[in-house]
Amino acid sequence: MGIHIGPHDRSSSWIGRFDPQDPQDMLEYEMVKSVAKACNSSDRKFRVEKKGRKPTKGFTYFGDPIGGIKNATLWDVYVYRRYS
């Protein structure tokens, strides 16, 4: 898993799916965060957001993992432009 390169049917902001238990995926996740931080300037800012997927305890009524991100076995990572 990790950073996805190639065509996909997801949002243009989607970077990939990461496993928090996999050290290689966590290195790639840290790299995505550092690239977004390096691309920030005074007129353009980016933010990295992770969303929990495949929870261990199920989903809430609104589609979030029960217990939050710590109970998700996978993360979908997105990079959004921050408008202010």
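Higher on the page you've got the structure.
Residue numbers here run from 1 along each chain, matching the order of that chain's written sequence. Since the coordinates come from a predicted model, pLDDT governs what is reported: local features require at least 70, and pairs of side-chain atoms require 80 or more to be given and counted, while whole-chain, interface and lining totals use all residues. Calculation of side-chain values draws on the structure's entire complement of heavy atoms; hydrogens and water are dropped beforehand.

## Section: the packing of aromatic side chains
Working step 1: Paired rings are identified among Phe, Tyr and Trp, the last through its six-membered ring, by centres lying within 6.5 Å, and are further divided according to the angle between planes into stacked (under 30 degrees), edge-to-face (over 60) and tilted (the rest). Counted under the stated rule, the structure contains four aromatic pairs.
Working step 2: Ring geometry for Phe 18 versus Tyr 29: centroids 6.1 Å apart, planes at 65°, classification edge-to-face. Here the residue Phe 18 occupies a position in strand β2 (residues 14–18), and Tyr 29 occupies one in helix α1 (residues 23–39), the gap between them amounting to 11 residues. Residue Phe 18 shares its accessibility class with Tyr 29, and that shared class is buried.
Working step 3: Their ring planes at 85° and their centres at 5.3 Å tell us that Tyr 61 and Phe 62 sit as a pair that is edge-to-face. Here Tyr 61 and Phe 62 have matching classes, each one exposed.
Working step 4: Aromatic ring contacts, followed pair by pair, group Phe 18, Tyr 29 and Trp 75 into a single cluster.
Working step 5: Only Lys NZ and Arg CZ are tested; either one counts as a charge over a ring when it is within 6 Å of the ring centre and within 35 degrees of the ring normal. Between the NZ or CZ atom of Arg 10 and the centre of the ring of Trp 14, over which it lies, the distance is 4.3 Å.
Working step 6: Above the plane of the ring of Trp 75 lies Lys 50, whose end atom (NZ or CZ) is 3.9 Å from the centre. Runs of E in the DSSP output that reach at least two residues are strands. Runs of H or I that reach at least four are helices, and both are numbered from the N terminus. With a 1.4 Å probe rolled over the protein chains alone, any residue whose accessible area is under 20% of its type maximum counts as buried; one over 50% counts as exposed, and the rest are partly exposed.

## Observations regarding unusual backbone geometry
Working step 1: Positive phi is not limited to glycine here, since Lys 54 has a value of about 50°.
Working step 2: Tracing the sequence through the fold places Lys 54 in strand β3 (residues 45–55).

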